[in-house]
Every structure is written in structure tokens, then in C-alpha cells.
Amino acid sequence: MACGPGGGAALVPPAEPFGLRPLRGKCRRAAGCEDYIARQVWKERKQDTLTFCCESFTGAGTLWYTSNQYGGREVRISRRMEVEEGRGELVLVHPDGTVTRLSGERSPYCFFPQAGETSLRLLGDEGKLELTVTVRPLDGGAGRWSDWVRE
């Protein structure tokens, strides 16, 4: 796996579902955790697309989210993820706490956000991973990248 500009690697299916071990006693569920350790990170964001490469990612972190009082307009998520070592998964957490594993869905994955906050999360267990994800709210829909992604 090559990280950084010009890097690329063959597409490898994401790891099977897994439970996260606790990080400082906090990570128990995909929906309720915002704690991670990331080592040797390279990331680049251009408008709707994030490219993220990490030698080791453990925990859970929100990449993108949308918050709507009454529900929202359609959102399209395209992604490619390679997990060379460990485990990694992209999930969509809905306001009612249900979780959609994106590895089990077609790309692009389209959905209509429910009322409340919907978030796109990266989960990892010592995952050496490379991820490219594009999130496009359609028809004037709203959403934003998390602070740690924008830095």
C-alpha cells in the first residue's frame, strides 16, 4: 500500500464486522464512541472527497455528518477502502442508533437522512488502511466534514 500523492494499491475487500476493544474504557459501540489513536496519518480533502491513509488506526472517529430537524435530502457516498493489516470499516450511524456497514452495500450508497444527526464513521482495530470517500448531498442538502478531517 502506498500512501501520499501518487500512491495507490489494489482494492481489497474490507474486513468482516468486529467489536472494538475499549480505548481508555470508552469504545463499546460504533454509535457511541469518538476516541481513536491514529499513527503516521496522511490525509487530503478536496471539496467532497477525502483521501486518508494511516499506518495504524484503532478506535472510532466521525468523518462526516449531517444534522436535520425534519430529515434531509438524498446523500450519495462513494468509497474505496483497502485494509492491508488489522481491521477497518466504514459505517453510517443513523439518529435512532442503527448502523449500516457500508462494506455490505453497493458504492455509491444513497440514503435520505432521518431527523436528527447521521454520521459517517471510520472504525479500526490496528488497521493499516487507505480510504477514499466522496460524500455528496444532492439537491441542496447539507452536511460537513468533522474537525479532525478538516485540519
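About the thresholds
- Residues numbered from 1 in each chain as written.
- Predicted model: local features only at pLDDT ≥ 70, side-chain atom pairs only at ≥ 80, totals over all residues.
- Heavy atoms only, no water.
- Helix = DSSP H or I, 4+ residues; strand = E, 2+ residues; numbered from the N terminus.
- Buried < 20%, exposed > 50% of the residue type's maximum accessible area, 1.4 Å probe, protein only.
- Contact = heavy atoms within 4.5 Å.
- Areas by Shrake-Rupley, 256 points an atom, 1.4 Å probe, with all protein chains shown as cover.
- pLDDT = per-residue confidence, 0-100.
- Polar contact = N/O pair within 3.5 Å; in protein donor to acceptor, adjacent residues only side chain to side chain.
- Core = buried A, V, L, I, M, F, W, Y, C linked by side-chain atoms within 4.5 Å.
- Salt bridge = Lys/Arg side-chain N within 4 Å of Asp/Glu carboxyl O.

**Description of the overall build of the chain**
Okay, so step 1: Scanning the chain from terminus to terminus reveals 1 helix and 7 strands.
Okay, so step 2: In sequence order, the secondary structure elements of the chain are arranged as β-β-β-β-β-β-β-α.
Okay, so step 3: Scored against the burial criterion, the 151 residues of the chain give a buried share of 42%.
Okay, so step 4: The long-range share in the chain, meaning contacts at least 24 apart out of those at least 6 apart in sequence, stands at 76%.
Okay, so step 5: On the chain, roughly 7,900 Å² of surface is accessible, and the fraction owed to carbon and sulfur atoms is 44%.

**Some thoughts on the confidence of the model for the chain**
Okay, so step 1: A residue-level look at the chain finds 74% of positions with pLDDT of 70 or above and a mean pLDDT of 74.
Okay, so step 2: The least confident element of the chain, judged by mean pLDDT, is helix H1 (residues 147-150) at 74; the most confident is strand E5 (residues 109-111) at 89.
Okay, so step 3: In this model residues 1-28 is a low-confidence stretch, pLDDT under 50, and it forms 61 contacts with partners more than four residues away in sequence or in other chains.

**Let's talk about the environment of Arg39**
Okay, so step 1: Mapped onto the fold, Arg39 is located in strand E1 (residues 35-46).
Okay, so step 2: Owing to a relative accessible area of 49%, Arg39 belongs among the partly exposed residues under this scheme.
Okay, so step 3: Sequence-wise, Arg39 and Glu55 are 16 residues apart; in three dimensions their C-alpha atoms are separated by 5.8 Å.
Okay, so step 4: Ignoring anything within four residues of it in the chain, the contact list for Arg39 reads Cys54, Glu55 and Ser56.

**Here we look at the side chain of Ser146**
Okay, so step 1: Within the element layout of this structure, Ser146 appears in the loop between strand E7 (144-145) and H1.
Okay, so step 2: Taking the relative accessible area as the measure of exposure, Ser146 reaches 8% and is therefore buried.
Okay, so step 3: Within the structure, the side chain of Ser146 is placed 2.8 Å from the backbone oxygen of Thr62, a separation counted as a polar contact.
Okay, so step 4: Filtering out sequence-adjacent residues up to four positions away, Ser146 remains in contact with Thr62, Leu63, Trp64 and Tyr65.

**Examining the nonpolar core**
Generally speaking, a soluble globular protein has its nonpolar side chains buried in company with each other.
Okay, so step 1: The biggest cluster of nonpolar side chains holds 24 residues, and the ones touching the most others in it are Phe52, Leu63, Ile77, Leu120 and Leu122.
Okay, so step 2: What Leu120 contacts, discounting residues up to four positions off in sequence, is Gly61, Thr62, Leu63, Trp64, Ile77, Leu90, Val91, Leu92, Leu102, Val133 and Val135.

**Comments concerning the environment of Lys128**
Okay, so step 1: Topologically, Lys128 is positioned in strand E6 (residues 116-137).
Okay, so step 2: Through-space distance from the C-alpha of Lys128 to that of Val83 is 5.9 Å; in sequence the pair is 45 residues apart.

**Concerning the side chain of His94**
Okay, so step 1: As for its placement among the helices and strands, His94 is situated in the loop between strand E3 (75-93) and strand E4 (99-101).
Okay, so step 2: A polar contact of 2.9 Å, which involves the side chain of His94, links it to the side chain of Thr100.
Okay, so step 3: In this view, His94 contacts Thr100, Gln114, Glu117 and Thr118; residues no more than four positions away in its chain are not counted.

**Side note on the pattern of salt bridges**
A side chain of one charge can pair with a side chain of the opposite charge when the charged atoms of the two come close.
Okay, so step 1: In this structure the tally under the stated criterion is 6 salt bridges.
Okay, so step 2: Note that Arg136 is salt-bridged to Asp48, the shortest N-O span being 3.4 Å. On the criterion of sequence distance, the pair formed by Arg136 in strand E6 and Asp48 in the loop between E1 and strand E2 (49-68) is long-range, its members being 88 residues apart.
Okay, so step 3: By relative accessible area, which is 43% here, Arg136 ends up partly exposed.
Okay, so step 4: The class of Asp48 is partly exposed, set by a relative accessible area of 30%.
Okay, so step 5: Of the charged contacts in the structure, one is a salt bridge between Glu55 and Lys128, with a shortest N-O distance of 3.5 Å. Highlighted residues: Glu55 in strand E2 and Lys128 in strand E6, separated in sequence by 73 residues.
Okay, so step 6: Relative accessible area serves as the criterion here: at 30%, Glu55 is assigned to the partly exposed category.
Okay, so step 7: In this structure Lys128 comes out as buried when scored by relative accessible area, which is 14%.

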